[in-house]
Amino acid sequence: MNRFAALLDRLAYQHGRNAKLRLMTDYFRTTPDPERGLALAALTGALSFRHAKPGIIRALIAERTDPTLFAMSYDYGGDLAETVALMWPASPQAQRAPAPACGGGLGRGHSTIEASDGVPLPVPPPQAGEGTLDALRQPQPTPNSEDEAPTLSAVVHTLATLGKAELPAQLARWLDALDATGRWALLKLITGGLRIGVSARLAKTAAAALGGKEADEVELIWPGLEPPYLDLFAWLEGRGEKPVARDPAPFRPVMLAHAIEEPELAALDPADFIAEWKWDGIRIQAVSGTREDGARMTRLYSRTGEEISGSFPDICGALRVDGAIDGELLIVRNGRVQSFNVLQQRLNRKSVTDKLMAEFPAHLRAYDLLAADSEDLREKPFMQRRAALEQFVTALDEPRIDISPLVPFETWTELIAARADPAAANAGLDADAIEGVMLKRRDAPYLPGRPTGLWWKWKRDPFIVDAVLMYAQRGSGKRSSYYSDYTFGVWTGGESGDELVPVGKAYFGFTDEELLQIDRFVRRNTVDRFGPVREVVHEPDQGLVFEVAFEGLQRSTRHRSGVAMRFPRISRLRWDKPPGEADRLEALEKILQRIERGRGAALVEAKV
Amino acid sequence: MRPEDLLCPTPKGLYCPPGDFYIDPLRSVARALITHGHSDHARPGHGAVMATQDTLDIMRLRCGENFAGRTQAAAYSDTVTIDGVAVTFKPAGHVLGSAQICVEKNGLRIVASGDYKDARDPTCAPFEPIPCDVFITEATFGLPVFRHAHAEVEIAKLLQSVALFPDRAHLVGAYSLGKAQRVIAMLREAGHDAPIYLHGAMEKITHHYAARGIPLGELRPVRGAKKAELAGTVTLCPPSALQELWARRFPDPVTAFASGWMRVRTRARQHGVELPLVISDHADWDGLCASIVATGASEIWVTHGEEDALVHWCETRGLRARPLRLVGYGEEETEETAADPDADDASASDERRLDDIEGADA
């Protein structure tokens, strides 16, 4: 457990995907079964513990510490698990021999003490958690004390069978035996909040790297595997056969598209491609299969393979035939596709009630069919899969599931027109929920990842405003010496004339060269500093204007401007433009009103 | 004699009326006794300064030849009488030369401990608890969440990371007086014998430590080193340099920070470091409590830091305790880079360094 804790600790601070992967792969390589398998389960969210509520932890620490000191400490750090982990009194069995004293240094511990009048001092009996003399003068245990500390498997197995009443005492024994990082990790683990910036996909990628495999290969067999994944590690280390995917409703790695722009179309032959709408929802995979006992099993996955079935029981219930659909999750009310803003309102809710499902009815718009019955269709060309999809959806005859229509075109000019005005093509009233067109080669097989030349996405034009850089913050990881996160604002009437009000924050969209230029501008034009943030000059005649592109706009009470942008990014640096000529809040307000009325109109008017 | 008659807090610092001297004064005074060389305790411009020889040497190094009108070296454990006040310097275990100052008159003994730690440090003499009536303690880490593990464990963590990422440079932010040299000495103890690189602001003081016989191994300046040469190496720099343009000369650096503050995640995150190392030159909570008990003092004065929790703890132990609320200590850490205005990297303006780096890259 202490080793796993040390891994979590490092991951929690580590920026950068590759560094995280290396930390995890190194852990998997050097940690024995079943410990590493349970770690993989914890990292992929496959473990859950029922009884461990914060109340139990609070009660345990209250028995052991001075309430005033606990309150001061909790107030300082603000995190219950961490405060408890650090304040937890060291216990005798968790001690380790002190480090050898060398180089003239002092090991902890004091010689006999006498007050200046020569009378020995009465020493009150130690009380836990308040820094008492003898127990605490001894060193804290270190990550080496694995022999006494519980293993991750001991924790997992014990918790699986332990009654609620026995939990506090067991928890206390573990906390006694672990070091501070181990205690923190244990408490985070059992209360279900690791939050170390590692997705299930990343953890599987790290495990796959152990055997030089791709994550997709692990992903394919994953649904048939169970913690502690002994057969998986045996295969990855070349000691065993590849485990067979037994799951009747497995995730299949998703195929993705490359972005394309209008000038690049000329190089392609329109006859090779079909086009379909790119719906502004959530790309999902809906899979249904029959278990050995005959029961139906249906699962929904996000495009990264995270299971999201629990959030959409209405879709799961609709898929009653064996098959795997690649499609877009949308909200459809009265036959009309709602905007992403509406879908987000359903996603934001934690519990899925009947009322929520009635108010925000989920819908699956199908793009592709990866498997039907138990036949894998992915090797077949797109047009064959499309025909199979049409047959499948028609036979299913389910109002919540329909097919995304093809966009008819013969020349690129026709497609350009359709993209500019989807409503006039065949999207009708649903045009507001379209964020561009997809181009797919008629003969393309379904391949995992982002293969070149087969699928293209051609997104609609973003909204654009000119905004003024107001604050810049240093980035993290590779960018920690660069001011790379920018808060920008637009003009609005204030009490003493026009002033800038922040409307968003962006940290991408610019090139490395532009980053250097902005960074230099920030450093030379700082007017104030707040920790890692610099306020940058923003006067009508002095400052830097960004052309900001964004995909959508929402009302927001959290922002002073009252609006929040979706996917804002810096699309151009306007060194030529004086800040006084940047946009006003009224311009955003107009865009917002048009979005609320209907997107198509908004785009047309915004361009004017 | 009341304790306040022997030592009393004033805006200029702790003052001893019968001896007419200040301890670690915050402004220029005629006679100053200095506990250690950190800039918030050892300010230049006093008339006469009494400190350990190491502290005097460090002050000369950092503040220049004329840092004081006169100086007098105090040897550990020798008692000197100043106008009827017996004064003894005892090791504080904080940095090289650091001392607690014990003042005694008419049977009343007060110990001003300056900054201290009771943890092992191969670069300085170990802390010695002094029996006394009044113990004046700092409280930098005066909250029970600050319980620092063995520094050896943290050094092992650093070396493990160096082994795991041999293609990256490891940049360790550390205060340039004391912490940096302790980290280097402990890396050597742990068997790391590759050259260790130094930020310009640390060269002088680190070479001074080496000249005092502390084994620091081969040290190299970062200045002039090629980017590729720095892969797989460890460099010590002031914490602020981690976020400066200076850090761009390293290949994909892993940023580490050696400080007691790293114990608390929110603090570590604020610094944006990837590898927090909990290594402190101040006593942690357990160390503060144990040291207070070890002195046998019945009255505790708390100078700076998280006074409230420590005062509360003293009271629950039946000890009289009060915060002195002295303003001006604990600032070495924030002034870190500015404290070495003569060093090459630290002295240049942001802008000049930016141009330098761009020039170098081009």
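Our subject is the structure listed above.
Residues numbered from 1 in each chain as written. Chains lettered and ligands numbered in written order. Predicted model: local features only at pLDDT ≥ 70, side-chain atom pairs only at ≥ 80, totals over all residues. Heavy atoms only, no water.

Some remarks on the nonpolar core
Counting residues in hydrophobic clusters, the biggest one holds 123 residues, and the most contacted among them are Phe4(A), Met24(A), Phe28(A), Leu43(A) and Leu232(A). Both domains that furnish three or more residues to this core are identified here as domain 1 (3-145 + 282-331) and domain 2 (151-279 + 339-361) of chain B. Those residues in contact with Leu232(A), other than ones at most four positions away along the chain, are Leu40(A), Val218(A), Ile221(A), Trp222(A), Leu225(A) and Pro243(A). Formed by 34 residues, the second largest nonpolar core is a distinct cluster that contains Ala467(A), Val490(A), Val522(A) and Val536(A). (Core = buried A, V, L, I, M, F, W, Y, C linked by side-chain atoms within 4.5 Å. Buried < 20%, exposed > 50% of the residue type's maximum accessible area, 1.4 Å probe, protein only. Domains from an automatic or database assignment. Contact = heavy atoms within 4.5 Å.)

Some points on the pattern of salt bridges
Residue and element names in this part refer to chain B. Applying the stated rule across the entire model yields 70 salt bridges over all chains. Across the salt bridge formed by Glu203 and Arg223, the nearest N and O atoms sit 2.4 Å from each other. Taken together, the residues Glu203 in helix H5 (residues 200-211) and Arg223 in the loop between strand E14 (219-221) and strand E15 (234-237) connect sequence positions 20 residues apart. (Salt bridge = Lys/Arg side-chain N within 4 Å of Asp/Glu carboxyl O. Helix = DSSP H or I, 4+ residues; strand = E, 2+ residues; numbered from the N terminus.)

Here we look at empty space enclosed by the protein
Residue and element names in this part refer to chain B. Within the structure shown, the criterion is met by four cavities of 30 Å³ or more. For the second largest cavity, the calculated volume is near 110 Å³. What lines the second largest cavity is a set of 15 residues, and nearest its centre among them are Leu14, Asp24, His41, Gly114 and Thr303. If you list the elements that add at least two residues to the lining of the second largest cavity, you get strand E11 (134-139) and strand E18 (299-305). Tallying contributions element by element places E11 first for the lining of the second largest cavity, with three residues. A per-class count over the lining of the second largest cavity returns six nonpolar, seven polar and two charged. (1 Å grid on protein atoms, 1.4 Å probe; cavity = no way out; pocket = protein on both sides within 12 Å on 5 of 7 lines; lining within 4 Å. Points joined across faces, edges and corners; volume = space filled by probe spheres on them. Nonpolar A, V, L, I, M, F, W, Y, C, P; charged D, E, K, R; others polar.)

Focus: the environment of Glu237(A)
All names here are of chain A. Of note, Glu237 is situated in the loop between helix H13 (230-236) and strand E1 (258-259). Through-space distance from the C-alpha of Glu237 to that of Arg29 is 9.1 Å; in sequence the pair is 208 residues apart. Excluding anything up to four places from it in sequence, Glu237 contacts Arg36 and Leu210. Side chain to side chain, Glu237 and Arg36 meet in a polar contact 2.7 Å long. Looking at Glu237, its side chain comes within polar contact range of the side chain of Arg239, at 2.8 Å. (Polar contact = N/O pair within 3.5 Å; in protein donor to acceptor, adjacent residues only side chain to side chain.)

Here we look at the sheet that holds E1(A)
Residues and elements named next belong to chain A. Ordered by their spatial adjacency, four strands build an open sheet running E1-E11-E10-E2, and the pairing between neighbours is mixed. In this open sheet, the two edge strands, each paired with only one partner strand, are E1 and strand E2 (273-279). By the bridge criterion, two bridges tie E1 to strand E11 (residues 455-459) in an arrangement that is parallel. Residue pairing across strands places Ala259 opposite Lys457, the latter belonging to E11. (Pairing = 2+ DSSP bridges.)

Some points on unusual backbone geometry
Residue and element names in this part refer to chain A. With an omega of -5°, the peptide bond running from Asp33 to Pro34 counts as cis. Within the fold, Pro34 resides in the loop between helix H2 (17-30) and helix H3 (35-43). At the junction of Pro227 and Pro228, the peptide bond is cis and its omega measures out at 5° in the coordinates. Mapped onto the secondary structure, Pro228 falls in the loop between helix H12 (215-221) and H13.

Details of the side chain of Thr65(A)
Inspection of the secondary structure puts Thr65(A) in the loop between helix H4 (54-64) and helix H5 (67-77). Polar contacts involving the side chain of Thr65(A) include one to the main-chain carbonyl oxygen of Ile61(A), which spans 2.8 Å.

By themselves, these figures tell us nothing about what the structure is for.
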